Amino acid sequence: MSKKWFPPQSDLEKGVNGLHINDVTPDTVATSSRFSSPPGPKTEALVPPIYHSSTYKLQSVDDYLKILEEGGYIYSRLGNFTNDSVCAVINSLEGGKGSLVFSTGMAAISTALLCFLKSGDHIVVNNPCYSGTYDIVVNILPRYGIEHTFVTTGCPVEEYRKHIKPNTRMLYGETPCNPNMAILDLEEFGKLGRSLDNVLTIVDSTFASPYLQPVIKHGIDISMHSCTKYLGGHSDLVAGCLTFGSVDLWKTMIHYQTTLGTSMSPHDASLLLRGIKTLPIRMEKHSSNAQKVAEFLEKHPKVQKVMYPGLPSHPQHQIARKQMKIFSGMIAAEIRGGVQGGKILVENVRLVQLAVSLGGVESLIEHPATMTHGPMLMTSEDRLSGGITDGLVRISIGIEDPDDLIKDLQQALAKIPENVIG
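Described in the following lines is the structure provided in the data block. Quantities reported herein were computed from a predicted structural model and do not represent experimental measurements. (Residues numbered from 1 in each chain as written. Predicted model: local features only at pLDDT ≥ 70, side-chain atom pairs only at ≥ 80, totals over all residues. Heavy atoms only, no water.)

**What to know about the layout of surface pockets**
For step 1, the next point in the chain: In this structure, the largest pocket encloses a volume near 630 Å³.
For step 2, the next point in the chain: Around the largest pocket sit 27 residues that line it, and Leu78, Gly79, Asp84, Trp250 and Ile254 are the ones nearest its centre.
For step 3, the next point in the chain: Considered class by class, the residues forming the lining of the largest pocket number twelve nonpolar, twelve polar and three charged. (1 Å grid on protein atoms, 1.4 Å probe; cavity = no way out; pocket = protein on both sides within 12 Å on 5 of 7 lines; lining within 4 Å. Points joined across faces, edges and corners; volume = space filled by probe spheres on them. Nonpolar A, V, L, I, M, F, W, Y, C, P; charged D, E, K, R; others polar.)

This is the structure:
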(Lines give C-alpha, C1' and ligand atoms only; values in the text may rest on other atoms or scores of the structure.)
Protein backbone atom coordinates (compact mmCIF):
# COMPACT_ATOMS: atom_id res chain seq x y z
CA MET A 1 0.00 0.00 0.00
CA SER A 2 1.44 3.33 -1.08
CA LYS A 3 1.01 6.42 1.10
CA LYS A 4 0.21 8.31 -2.09
CA TRP A 5 -2.92 6.27 -2.82
CA PHE A 6 -6.44 7.54 -2.10
CA PRO A 7 -9.57 5.66 -0.99
CA PRO A 8 -11.73 4.05 -3.72
CA GLN A 9 -14.61 6.27 -4.83
CA SER A 10 -17.85 5.57 -6.60
CA ASP A 11 -18.69 7.24 -9.90
CA LEU A 12 -21.48 9.19 -8.17
CA GLU A 13 -18.95 10.75 -5.81
CA LYS A 14 -16.94 11.94 -8.79
CA GLY A 15 -20.01 12.87 -10.81
CA VAL A 16 -21.70 11.21 -13.78
CA ASN A 17 -22.51 13.61 -16.61
CA GLY A 18 -23.31 16.35 -14.09
CA LEU A 19 -25.16 14.05 -11.65
CA HIS A 20 -23.60 13.94 -8.17
CA ILE A 21 -24.16 11.88 -5.06
CA ASN A 22 -25.99 14.75 -3.30
CA ASP A 23 -28.56 14.79 -6.12
CA VAL A 24 -29.95 11.34 -5.26
CA THR A 25 -31.29 9.53 -2.20
CA PRO A 26 -29.52 6.74 -0.26
CA ASP A 27 -31.91 4.26 -1.93
CA THR A 28 -30.41 5.16 -5.30
CA VAL A 29 -26.86 5.30 -3.97
CA ALA A 30 -27.20 1.69 -2.73
CA THR A 31 -28.30 0.37 -6.13
CA SER A 32 -26.49 2.64 -8.57
CA SER A 33 -23.01 3.38 -7.20
CA ARG A 34 -20.24 1.91 -9.32
CA PHE A 35 -16.52 1.81 -8.61
CA SER A 36 -14.47 3.93 -10.98
CA SER A 37 -11.20 2.54 -12.24
CA PRO A 38 -8.24 3.73 -10.16
CA PRO A 39 -5.75 6.17 -11.66
CA GLY A 40 -2.34 5.07 -12.82
CA PRO A 41 -1.18 2.47 -15.37
CA LYS A 42 -3.72 -0.15 -16.32
CA THR A 43 -3.00 -3.72 -15.21
CA GLU A 44 -4.50 -7.06 -16.16
CA ALA A 45 -5.59 -9.77 -13.75
CA LEU A 46 -3.35 -12.84 -14.09
CA VAL A 47 -6.41 -15.07 -13.67
CA PRO A 48 -9.41 -14.00 -15.78
CA PRO A 49 -12.12 -12.69 -13.43
CA ILE A 50 -15.58 -14.22 -13.13
CA TYR A 51 -18.02 -11.91 -14.88
CA HIS A 52 -21.26 -12.71 -13.07
CA SER A 53 -23.08 -9.80 -14.69
CA SER A 54 -26.08 -10.81 -16.79
CA THR A 55 -26.01 -7.56 -18.77
CA TYR A 56 -23.57 -4.82 -19.77
CA LYS A 57 -23.78 -1.04 -19.67
CA LEU A 58 -23.65 0.63 -23.11
CA GLN A 59 -22.32 4.11 -23.88
CA SER A 60 -24.84 4.73 -26.67
CA VAL A 61 -27.74 3.11 -28.49
CA ASP A 62 -25.57 2.72 -31.57
CA ASP A 63 -23.10 0.62 -29.57
CA TYR A 64 -25.65 -2.22 -29.47
CA LEU A 65 -25.50 -2.85 -33.22
CA LYS A 66 -21.81 -2.02 -33.31
CA ILE A 67 -21.08 -4.80 -30.80
CA LEU A 68 -23.17 -7.25 -32.81
CA GLU A 69 -21.12 -6.34 -35.86
CA GLU A 70 -17.64 -6.09 -34.34
CA GLY A 71 -17.74 -8.09 -31.10
CA GLY A 72 -18.07 -7.29 -27.43
CA TYR A 73 -20.55 -7.96 -24.65
CA ILE A 74 -24.23 -7.05 -24.34
CA TYR A 75 -25.90 -9.91 -22.48
CA SER A 76 -24.21 -12.96 -20.97
CA ARG A 77 -26.26 -15.52 -22.86
CA LEU A 78 -24.79 -14.01 -26.02
CA GLY A 79 -21.22 -13.71 -24.76
CA ASN A 80 -19.22 -13.46 -21.56
CA PHE A 81 -15.54 -12.69 -21.00
CA THR A 82 -14.99 -15.59 -18.60
CA ASN A 83 -16.54 -18.06 -21.04
CA ASP A 84 -14.54 -16.65 -23.93
CA SER A 85 -11.37 -17.04 -21.88
CA VAL A 86 -11.85 -20.79 -21.53
CA CYS A 87 -13.03 -21.13 -25.16
CA ALA A 88 -9.76 -19.62 -26.33
CA VAL A 89 -7.69 -22.09 -24.28
CA ILE A 90 -9.70 -25.13 -25.43
CA ASN A 91 -9.46 -24.05 -29.06
CA SER A 92 -5.69 -23.69 -28.73
CA LEU A 93 -5.41 -27.20 -27.27
CA GLU A 94 -7.62 -28.66 -29.99
CA GLY A 95 -6.01 -26.79 -32.87
CA GLY A 96 -9.43 -25.73 -34.13
CA LYS A 97 -10.95 -22.68 -35.75
CA GLY A 98 -13.21 -21.87 -32.79
CA SER A 99 -14.65 -23.41 -29.61
CA LEU A 100 -17.84 -22.96 -27.61
CA VAL A 101 -18.58 -24.05 -24.04
CA PHE A 102 -21.93 -25.39 -22.85
CA SER A 103 -23.77 -25.93 -19.58
CA THR A 104 -23.25 -29.73 -19.75
CA GLY A 105 -21.76 -32.31 -22.07
CA MET A 106 -25.27 -33.29 -23.17
CA ALA A 107 -26.06 -29.62 -23.87
CA ALA A 108 -23.14 -29.65 -26.31
CA ILE A 109 -24.23 -32.92 -27.94
CA SER A 110 -27.93 -32.10 -28.18
CA THR A 111 -27.30 -28.59 -29.49
CA ALA A 112 -24.97 -29.97 -32.16
CA LEU A 113 -27.49 -32.57 -33.27
CA LEU A 114 -30.35 -30.06 -33.40
CA CYS A 115 -28.19 -27.52 -35.18
CA PHE A 116 -26.84 -29.70 -37.96
CA LEU A 117 -29.69 -32.21 -38.46
CA LYS A 118 -33.24 -31.61 -39.67
CA SER A 119 -36.35 -33.66 -40.39
CA GLY A 120 -35.62 -36.27 -43.04
CA ASP A 121 -31.90 -36.50 -42.27
CA HIS A 122 -29.97 -39.61 -41.25
CA ILE A 123 -27.09 -40.09 -38.79
CA VAL A 124 -24.72 -43.05 -38.38
CA VAL A 125 -23.64 -43.61 -34.75
CA ASN A 126 -21.40 -46.10 -32.98
CA ASN A 127 -22.99 -48.57 -30.54
CA PRO A 128 -22.42 -48.63 -27.63
CA CYS A 129 -22.00 -44.97 -26.90
CA TYR A 130 -22.48 -42.58 -24.01
CA SER A 131 -25.89 -43.29 -22.48
CA GLY A 132 -27.14 -39.72 -23.00
CA THR A 133 -26.15 -39.84 -26.67
CA TYR A 134 -27.94 -43.18 -27.05
CA ASP A 135 -31.05 -41.74 -25.42
CA ILE A 136 -31.30 -38.69 -27.68
CA VAL A 137 -30.55 -40.69 -30.85
CA VAL A 138 -33.06 -43.46 -30.09
CA ASN A 139 -35.82 -41.65 -28.20
CA ILE A 140 -35.74 -37.96 -29.15
CA LEU A 141 -34.39 -37.46 -32.67
CA PRO A 142 -37.04 -39.77 -34.24
CA ARG A 143 -39.72 -37.41 -32.91
CA TYR A 144 -38.22 -34.80 -35.24
CA GLY A 145 -38.09 -37.15 -38.22
CA ILE A 146 -34.34 -37.87 -37.94
CA GLU A 147 -33.28 -41.44 -38.70
CA HIS A 148 -30.31 -43.32 -37.29
CA THR A 149 -28.23 -46.42 -37.97
CA PHE A 150 -25.88 -48.00 -35.46
CA VAL A 151 -22.49 -49.52 -36.28
CA THR A 152 -20.46 -51.56 -33.82
CA THR A 153 -17.80 -49.59 -31.98
CA GLY A 154 -14.29 -50.49 -32.93
CA CYS A 155 -15.39 -51.52 -36.41
CA PRO A 156 -13.36 -50.51 -39.48
CA VAL A 157 -14.40 -47.07 -40.74
CA GLU A 158 -15.61 -48.79 -43.90
CA GLU A 159 -18.63 -49.99 -41.88
CA TYR A 160 -19.76 -46.36 -41.62
CA ARG A 161 -19.50 -46.04 -45.40
CA LYS A 162 -21.68 -49.13 -45.92
CA HIS A 163 -24.54 -47.47 -44.01
CA ILE A 164 -24.44 -44.07 -45.71
CA LYS A 165 -27.68 -43.18 -47.46
CA PRO A 166 -28.66 -40.26 -49.73
CA ASN A 167 -30.05 -38.43 -46.69
CA THR A 168 -27.05 -39.10 -44.37
CA ARG A 169 -25.83 -35.81 -42.94
CA MET A 170 -23.69 -36.84 -39.97
CA LEU A 171 -21.23 -39.55 -38.92
CA TYR A 172 -20.83 -39.71 -35.14
CA GLY A 173 -18.08 -41.56 -33.31
CA GLU A 174 -16.52 -41.93 -29.87
CA THR A 175 -12.91 -42.82 -29.17
CA PRO A 176 -12.12 -44.32 -26.75
CA CYS A 177 -15.72 -45.48 -26.62
CA ASN A 178 -17.95 -45.39 -23.56
CA PRO A 179 -18.00 -47.86 -21.85
CA ASN A 180 -16.06 -50.60 -23.67
CA MET A 181 -12.95 -48.61 -24.67
CA ALA A 182 -13.11 -49.48 -28.38
CA ILE A 183 -11.04 -47.21 -30.64
CA LEU A 184 -12.10 -45.35 -33.79
CA ASP A 185 -9.43 -44.69 -36.43
CA LEU A 186 -9.54 -40.89 -36.58
CA GLU A 187 -7.39 -40.58 -39.69
CA GLU A 188 -9.66 -42.91 -41.68
CA PHE A 189 -12.80 -41.36 -40.20
CA GLY A 190 -11.65 -37.91 -41.27
CA LYS A 191 -10.83 -39.15 -44.77
CA LEU A 192 -14.28 -40.68 -45.10
CA GLY A 193 -15.97 -37.47 -44.02
CA ARG A 194 -13.95 -35.35 -46.43
CA SER A 195 -14.83 -37.68 -49.30
CA LEU A 196 -18.57 -37.07 -48.84
CA ASP A 197 -20.69 -34.08 -49.77
CA ASN A 198 -22.84 -32.44 -47.08
CA VAL A 199 -21.87 -34.96 -44.39
CA LEU A 200 -20.36 -33.77 -41.10
CA THR A 201 -18.10 -35.83 -38.85
CA ILE A 202 -18.28 -35.36 -35.08
CA VAL A 203 -16.13 -37.19 -32.53
CA ASP A 204 -16.64 -37.43 -28.77
CA SER A 205 -13.09 -37.63 -27.42
CA THR A 206 -14.01 -37.18 -23.76
CA PHE A 207 -12.20 -40.36 -22.63
CA ALA A 208 -8.90 -39.10 -24.04
CA SER A 209 -8.91 -35.30 -23.57
CA PRO A 210 -7.45 -32.95 -26.20
CA TYR A 211 -4.07 -33.22 -24.50
CA LEU A 212 -3.75 -36.90 -25.36
CA GLN A 213 -5.77 -36.92 -28.59
CA PRO A 214 -6.35 -33.75 -30.62
CA VAL A 215 -9.15 -34.57 -33.04
CA ILE A 216 -9.43 -31.67 -35.47
CA LYS A 217 -6.02 -32.29 -37.07
CA HIS A 218 -7.38 -35.53 -38.54
CA GLY A 219 -9.88 -33.62 -40.65
CA ILE A 220 -12.81 -34.12 -38.26
CA ASP A 221 -15.40 -31.33 -38.50
CA ILE A 222 -16.40 -31.15 -34.80
CA SER A 223 -14.65 -32.33 -31.64
CA MET A 224 -16.82 -32.80 -28.56
CA HIS A 225 -15.85 -33.15 -24.89
CA SER A 226 -17.77 -33.47 -21.69
CA CYS A 227 -15.69 -30.95 -19.73
CA THR A 228 -17.18 -32.44 -16.57
CA LYS A 229 -14.57 -35.16 -16.99
CA TYR A 230 -10.85 -34.75 -17.69
CA LEU A 231 -10.85 -31.09 -18.76
CA GLY A 232 -12.43 -30.03 -15.46
CA GLY A 233 -10.75 -32.88 -13.65
CA HIS A 234 -12.03 -32.38 -10.11
CA SER A 235 -15.66 -33.60 -10.12
CA ASP A 236 -16.88 -30.12 -9.17
CA LEU A 237 -18.57 -28.86 -12.33
CA VAL A 238 -20.75 -30.00 -15.24
CA ALA A 239 -19.87 -28.60 -18.65
CA GLY A 240 -19.32 -29.42 -22.31
CA CYS A 241 -17.48 -28.00 -25.30
CA LEU A 242 -17.44 -28.19 -29.07
CA THR A 243 -14.48 -27.26 -31.25
CA PHE A 244 -14.89 -26.71 -34.97
CA GLY A 245 -12.75 -27.28 -38.01
CA SER A 246 -14.09 -24.13 -39.69
CA VAL A 247 -15.25 -20.68 -38.64
CA ASP A 248 -18.46 -21.16 -40.63
CA LEU A 249 -19.45 -24.14 -38.48
CA TRP A 250 -18.65 -22.11 -35.35
CA LYS A 251 -20.86 -19.24 -36.56
CA THR A 252 -23.72 -21.61 -37.36
CA MET A 253 -23.50 -23.21 -33.92
CA ILE A 254 -23.24 -20.02 -31.86
CA HIS A 255 -26.61 -18.91 -33.25
CA TYR A 256 -28.20 -22.14 -32.01
CA GLN A 257 -26.36 -22.04 -28.69
CA THR A 258 -27.41 -18.51 -27.83
CA THR A 259 -31.00 -19.05 -29.01
CA LEU A 260 -31.46 -22.38 -27.22
CA GLY A 261 -29.74 -20.98 -24.13
CA THR A 262 -27.26 -23.82 -23.59
CA SER A 263 -24.27 -21.65 -22.67
CA MET A 264 -22.08 -22.33 -19.64
CA SER A 265 -22.26 -20.24 -16.50
CA PRO A 266 -19.23 -17.95 -15.95
CA HIS A 267 -18.58 -19.51 -12.55
CA ASP A 268 -18.26 -22.98 -14.11
CA ALA A 269 -16.12 -21.46 -16.86
CA SER A 270 -13.70 -20.19 -14.22
CA LEU A 271 -13.52 -23.61 -12.55
CA LEU A 272 -12.97 -25.23 -15.94
CA LEU A 273 -10.20 -22.81 -16.83
CA ARG A 274 -8.47 -23.60 -13.55
CA GLY A 275 -8.80 -27.33 -14.19
CA ILE A 276 -7.29 -27.11 -17.66
CA LYS A 277 -4.12 -25.54 -16.25
CA THR A 278 -3.17 -28.89 -14.70
CA LEU A 279 -4.54 -31.10 -17.52
CA PRO A 280 -1.14 -32.24 -18.87
CA ILE A 281 0.17 -33.23 -15.42
CA ARG A 282 -3.04 -35.03 -14.53
CA MET A 283 -3.33 -36.94 -17.80
CA GLU A 284 0.22 -38.23 -17.48
CA LYS A 285 -0.57 -39.55 -13.99
CA HIS A 286 -4.01 -40.95 -14.93
CA SER A 287 -2.41 -42.80 -17.82
CA SER A 288 0.58 -44.25 -15.98
CA ASN A 289 -1.67 -45.39 -13.13
CA ALA A 290 -4.21 -46.96 -15.50
CA GLN A 291 -1.48 -48.85 -17.36
CA LYS A 292 -0.35 -50.48 -14.10
CA VAL A 293 -3.89 -51.28 -12.97
CA ALA A 294 -4.86 -52.69 -16.38
CA GLU A 295 -1.82 -54.97 -16.39
CA PHE A 296 -2.75 -56.21 -12.91
CA LEU A 297 -6.38 -56.87 -13.86
CA GLU A 298 -5.43 -58.69 -17.08
CA LYS A 299 -3.53 -61.30 -15.04
CA HIS A 300 -6.22 -61.79 -12.38
CA PRO A 301 -8.09 -65.13 -12.57
CA LYS A 302 -11.46 -63.53 -11.77
CA VAL A 303 -11.18 -61.09 -14.66
CA GLN A 304 -12.18 -62.53 -18.02
CA LYS A 305 -11.04 -59.65 -20.23
CA VAL A 306 -9.57 -56.15 -19.92
CA MET A 307 -10.12 -53.43 -22.52
CA TYR A 308 -7.47 -50.74 -22.17
CA PRO A 309 -5.87 -49.09 -25.23
CA GLY A 310 -2.41 -49.33 -23.67
CA LEU A 311 -2.51 -53.13 -23.55
CA PRO A 312 -1.14 -55.00 -26.59
CA SER A 313 -4.15 -57.33 -26.24
CA HIS A 314 -6.56 -54.48 -27.08
CA PRO A 315 -7.94 -55.12 -30.61
CA GLN A 316 -7.18 -51.55 -31.71
CA HIS A 317 -3.96 -51.09 -29.75
CA GLN A 318 -1.97 -50.12 -32.85
CA ILE A 319 -4.55 -47.50 -33.86
CA ALA A 320 -4.47 -46.08 -30.33
CA ARG A 321 -0.68 -45.88 -30.47
CA LYS A 322 -0.94 -43.97 -33.75
CA GLN A 323 -3.39 -41.30 -32.54
CA MET A 324 -2.98 -41.04 -28.76
CA LYS A 325 0.01 -39.59 -26.94
CA ILE A 326 -0.57 -42.08 -24.10
CA PHE A 327 -3.64 -44.08 -23.23
CA SER A 328 -5.66 -42.14 -20.63
CA GLY A 329 -7.20 -43.37 -17.40
CA MET A 330 -10.28 -45.37 -18.44
CA ILE A 331 -10.44 -49.16 -18.13
CA ALA A 332 -13.21 -51.61 -19.01
CA ALA A 333 -12.94 -55.01 -17.34
CA GLU A 334 -15.25 -58.00 -17.74
CA ILE A 335 -15.56 -59.72 -14.37
CA ARG A 336 -16.30 -63.43 -14.19
CA GLY A 337 -19.65 -64.20 -12.60
CA GLY A 338 -21.81 -61.87 -14.70
CA VAL A 339 -24.01 -59.33 -12.96
CA GLN A 340 -23.36 -60.80 -9.53
CA GLY A 341 -19.58 -60.83 -9.97
CA GLY A 342 -19.57 -57.26 -11.24
CA LYS A 343 -21.77 -56.00 -8.43
CA ILE A 344 -19.70 -57.72 -5.75
CA LEU A 345 -16.59 -56.00 -7.05
CA VAL A 346 -18.00 -52.47 -7.29
CA GLU A 347 -19.74 -52.72 -3.91
CA ASN A 348 -16.65 -53.90 -2.03
CA VAL A 349 -13.99 -51.40 -3.07
CA ARG A 350 -12.84 -49.16 -0.24
CA LEU A 351 -10.53 -46.59 -1.86
CA VAL A 352 -12.11 -46.53 -5.32
CA GLN A 353 -15.54 -44.86 -5.15
CA LEU A 354 -18.76 -46.37 -6.52
CA ALA A 355 -20.08 -43.50 -8.62
CA VAL A 356 -20.95 -42.52 -12.18
CA SER A 357 -18.94 -39.96 -14.15
CA LEU A 358 -15.20 -40.11 -14.65
CA GLY A 359 -12.02 -38.14 -15.22
CA GLY A 360 -11.58 -36.69 -11.74
CA VAL A 361 -8.54 -36.96 -9.51
CA GLU A 362 -10.24 -39.69 -7.47
CA SER A 363 -10.79 -43.21 -8.84
CA LEU A 364 -14.39 -44.21 -9.63
CA ILE A 365 -16.02 -47.50 -10.59
CA GLU A 366 -19.45 -48.38 -11.94
CA HIS A 367 -21.40 -51.34 -13.36
CA PRO A 368 -22.89 -50.30 -16.74
CA ALA A 369 -25.38 -53.18 -17.06
CA THR A 370 -27.23 -52.07 -13.95
CA MET A 371 -26.30 -48.38 -13.88
CA THR A 372 -25.40 -46.07 -16.80
CA HIS A 373 -26.48 -48.47 -19.56
CA GLY A 374 -29.02 -50.38 -17.46
CA PRO A 375 -32.71 -51.27 -17.81
CA MET A 376 -33.91 -47.68 -17.37
CA LEU A 377 -32.31 -46.88 -20.73
CA MET A 378 -31.59 -50.03 -22.72
CA THR A 379 -33.10 -53.49 -23.11
CA SER A 380 -30.82 -56.44 -22.45
CA GLU A 381 -30.80 -57.17 -26.17
CA ASP A 382 -29.71 -53.63 -27.08
CA ARG A 383 -27.08 -53.64 -24.37
CA LEU A 384 -25.60 -56.98 -25.39
CA SER A 385 -25.65 -56.01 -29.07
CA GLY A 386 -23.33 -53.18 -28.13
CA GLY A 387 -20.97 -55.50 -26.28
CA ILE A 388 -21.97 -54.36 -22.78
CA THR A 389 -21.85 -57.69 -20.99
CA ASP A 390 -23.37 -58.46 -17.59
CA GLY A 391 -20.00 -58.54 -15.85
CA LEU A 392 -18.51 -55.41 -17.43
CA VAL A 393 -17.25 -52.74 -15.03
CA ARG A 394 -15.94 -49.31 -16.00
CA ILE A 395 -13.10 -47.87 -13.95
CA SER A 396 -11.91 -44.28 -14.02
CA ILE A 397 -8.40 -44.37 -12.60
CA GLY A 398 -7.46 -41.31 -10.55
CA ILE A 399 -4.12 -39.92 -9.46
CA GLU A 400 -3.73 -41.89 -6.22
CA ASP A 401 -0.77 -44.23 -5.68
CA PRO A 402 -1.36 -47.07 -8.19
CA ASP A 403 -0.22 -49.72 -5.73
CA ASP A 404 -2.95 -48.62 -3.31
CA LEU A 405 -5.53 -48.90 -6.09
CA ILE A 406 -4.32 -52.37 -7.00
CA LYS A 407 -4.53 -53.50 -3.36
CA ASP A 408 -8.09 -52.17 -3.15
CA LEU A 409 -9.22 -53.95 -6.32
CA GLN A 410 -7.43 -57.10 -5.20
CA GLN A 411 -9.28 -57.27 -1.88
CA ALA A 412 -12.63 -56.55 -3.60
CA LEU A 413 -12.05 -59.25 -6.24
CA ALA A 414 -11.21 -61.70 -3.46
CA LYS A 415 -14.76 -61.29 -2.16
CA ILE A 416 -16.27 -62.84 -5.31
CA PRO A 417 -16.99 -66.48 -4.33
CA GLU A 418 -15.78 -69.27 -6.57
CA ASN A 419 -19.34 -70.59 -6.93
CA VAL A 420 -20.38 -67.24 -8.47
CA ILE A 421 -17.66 -67.52 -11.08
CA GLY A 422 -18.84 -71.02 -11.96
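There's plenty left to go through after this.
**Brief notes about the sheet that holds strand 8 (residues 303–307)**
For step 1, the next point in the chain: Read from one edge to the other, the open sheet built from five strands follows the order 8-9-12-11-10, with strand pairing classed as mixed. Lying at the two open borders of the sheet, with one neighbouring strand each, are strand 8 and strand 10 (353–354).
For step 2, the next point in the chain: Together, strand 8, strand 9 (330–335) and strand 12 (392–396) form the strand contacts of helix 12 (residues 279–299), whose direction differs from that of strand 9 by roughly 10°.
For step 3, the next point in the chain: Across the face of the sheet, helix 14 (residues 338–348) comes into contact with strand 9, strand 10, strand 11 (364–366) and strand 12 while running at roughly 130° to strand 9. (Pairing = 2+ DSSP bridges. Helix = DSSP H or I, 4+ residues; strand = E, 2+ residues; numbered from the N terminus. Contact = heavy atoms within 4.5 Å. Axes fitted to C-alpha atoms, helices over the stretch in contact; angles between N-to-C directions.)

**Looking at empty space enclosed by the protein**
For step 1, the next point in the chain: Within the structure shown, the criterion is met by one cavity of 30 Å³ or more.
For step 2, the next point in the chain: Counted as a void, the largest cavity has a volume near 40 Å³.
For step 3, the next point in the chain: Lining the largest cavity are Asn126, Thr152, Thr153, Gly154, Cys155, Tyr160, Gly173, Glu174, Ile183 and Leu184.
For step 4, the next point in the chain: Looking at the lining of the largest cavity residue by residue, the class counts come to four nonpolar, five polar and one charged.

**Quick notes on the pattern of salt bridges**
For step 1, the next point in the chain: Applying the stated criterion to the full structure yields eleven salt bridges.
For step 2, the next point in the chain: The salt bridge partner of Asp185 is Lys322, with a shortest N-O separation of 3.1 Å. Separated by 137 residues along the polypeptide, Asp185 in the loop between strand 4 (168–174) and helix 8 (186–194) and Lys322 in helix 13 (residues 317–323) bring together distant segments of the chain.
For step 3, the next point in the chain: Given the relative accessible area of 47%, Lys322 is considered partly exposed.
For step 4, the next point in the chain: Residues Glu284 and Lys325 are paired through a salt bridge, measuring 3.7 Å at the closest nitrogen-oxygen approach. You can see Glu284 sitting in helix 12 and its partner Lys325 sitting in the loop between helix 13 and strand 9, a full 41 residues away along the chain. (Salt bridge = Lys/Arg side-chain N within 4 Å of Asp/Glu carboxyl O. Buried < 20%, exposed > 50% of the residue type's maximum accessible area, 1.4 Å probe, protein only.)

**A look at the pairing of strand 7 (residues 240–244)**
For step 1, the next point in the chain: Counting buried residues along strand 7, five of its five residues qualify, which places the element largely inside the surrounding structure.
For step 2, the next point in the chain: Pairing of strand 1 (residues 98–102) with strand 7 involves five bridges; the strand directions are antiparallel. Looking at the pairing, Gly98 lines up with Phe244 of strand 7.
For step 3, the next point in the chain: Where strand 6 (residues 222–226) and strand 7 come together, five bridges link them in antiparallel fashion. Along strand 7, the bridge assignment pairs Met224 with Leu242.

**A word on a nonpolar patch on the surface**
For step 1, the next point in the chain: A surface patch of nonpolar side chains, about 440 Å² in accessible area, is lined by Leu114, Ile140, Tyr144, Tyr256 and Leu260.
For step 2, the next point in the chain: Look at Leu114 and you get partly exposed, because its relative accessible area is 35%. (Patch = residues over 30% accessible without salt bridge, like charges linked within 9 Å, V, L, I, M, F, W, Y side chains within 5 Å. Areas by Shrake-Rupley, 256 points an atom, 1.4 Å probe, with all protein chains shown as cover.)

**Some points on the sheet that holds strand 2 (residues 122–127)**
For step 1, the next point in the chain: Strand order in the open sheet formed by seven strands is 1-7-6-5-4-2-3, and the pairing between neighbours is mixed. In this open sheet, the two edge strands, each paired with only one partner strand, are strand 1 and strand 3 (147–152). Strand-to-strand, the axes of this sheet are offset by a mean angle of 20°, without reference to chain direction.
For step 2, the next point in the chain: Pairing analysis gives five bridges linking strand 4 to strand 5 (residues 200–204), with the strands arranged parallel. Directly across from Leu171, in strand 5, lies its bridge partner Thr201.
For step 3, the next point in the chain: The strands touched by helix 10 (residues 247–260) within the sheet are strand 1, strand 5, strand 6 and strand 7, with strand 1 carrying the most contacts at an inclination of about 20°.

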